[in-house]
Amino acid sequence: MTMNEAVDAAPRRDAPPAAVALFRSLGEPARLAILMRLAEGEARVTDLVTALGLAQSTVSAHLSCLRDCNLVDSRAEGRSSWYSLARPELLDVLAAAEGLLAATGEAVELCPNYGRTAAGTENEGMA
């Protein structure tokens, strides 16, 4: 039996859809930047626009997505909305990712499929 036949014969194990959705939400550059900024403390849309250099409409759309995923909360204060991380566990995920990236060096960044040279990584629009 060849390696390919063994792989084909093995039962298929799909990743849990919720986990796939979570990592997709974290994998979009603008959403990840927003979450990383919110890990420092709550912020308004205008604060995020200034900190990240993104258009207000882009920040608002990504915040809406993150809120729909229950990753971000908002609270009203006067005419402003303040955004914060909804789940403190996100800090653990971000810290674990930083540790993993430190351990793998440039290997992930240079990955031909997902690294900085992969097609389409320059886009910061909605994914």
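Residues numbered from 1 in each chain as written. Predicted model: local features only at pLDDT ≥ 70, side-chain atom pairs only at ≥ 80, totals over all residues. Heavy atoms only, no water.

Some points on the pattern of salt bridges
Taken as a whole, this structure holds 4 salt bridges when the rule is applied. Put simply, D47 and R44 hold a salt bridge, and the shortest N to O gap is 2.9 Å. Judged by relative accessible area, D47 falls into the partly exposed class, the value being 21%. Note on R44: relative accessible area 27%, which makes it partly exposed. Between R87 and E89 there is a salt bridge, and its shortest N-O distance comes to 2.7 Å. Owing to a relative accessible area of 38%, E89 belongs among the partly exposed residues under this scheme. Salt bridges sharing partners connect three or more residues here, namely E42, R75 and E77. (Salt bridge = Lys/Arg side-chain N within 4 Å of Asp/Glu carboxyl O. Buried < 20%, exposed > 50% of the residue type's maximum accessible area, 1.4 Å probe, protein only.)

Observations regarding the nonpolar core
The nonpolar side chains of a soluble globular protein tend to be buried, and buried together. Formed by 17 residues in total, the largest nonpolar core has its most connected members in I34, L35, L38, L48, V59, L63 and V72. Contributions of two or more residues to this core are made by α3 (29-38), α4 (45-52), α5 (56-68) and β2 (80-85). When residues of this core are assigned to their parent elements, the largest contribution, 4 residues, is made by α3. Excluding residues within four positions of it along the chain, L48 makes contact with I34, R37, L38, A43, G53, V59 and L63. (Core = buried A, V, L, I, M, F, W, Y, C linked by side-chain atoms within 4.5 Å. Helix = DSSP H or I, 4+ residues; strand = E, 2+ residues; numbered from the N terminus. Contact = heavy atoms within 4.5 Å.)

Remarks on α3
Regarding α3, the residues found buried are A30, R31, I34, L35, R37 and L38. Here the buried residues of α3 occupy an arc of 160° about the axis, which is enough to place them on one side. For α3, the secondary structure elements touched by its buried residues are α2 (17-27), α4, α5, β1 (72-77), β2 and α6 (89-104). Capping the start of α3, E28 holds a side-chain oxygen 2.7 Å from the backbone nitrogen of A30, two or three residues further along. (Arc of directions from axis to C-beta. Polar contact = N/O pair within 3.5 Å; in protein donor to acceptor, adjacent residues only side chain to side chain.)

Here we look at the pairing of β1
Direction of pairing for β1 relative to β2: antiparallel, over a ladder of 6 bridges. Bridging across to β2, R75 finds its partner in W82. With antiparallel pairing between neighbouring strands as the criterion, β1 and β2 make up a hairpin whose turn holds 2 residues, including G78 at a positive phi of roughly 65°. (Pairing = 2+ DSSP bridges.)

Some remarks on the confidence of the model for the protein
Regions with low pLDDT carry predicted coordinates that are not meant to be interpreted in detail. Scored by pLDDT, the protein has a mean of 84; 82% of the residues are at 70 or more. α4 holds the highest mean pLDDT among the elements of the protein, 97, whereas helix α1 (residues 3-9) holds the lowest, 55. Taken together, the stretch residues 121-127 has pLDDT below 50 and engages in 19 contacts with residues farther than four places along the chain or on a different chain. (pLDDT = per-residue confidence, 0-100.)

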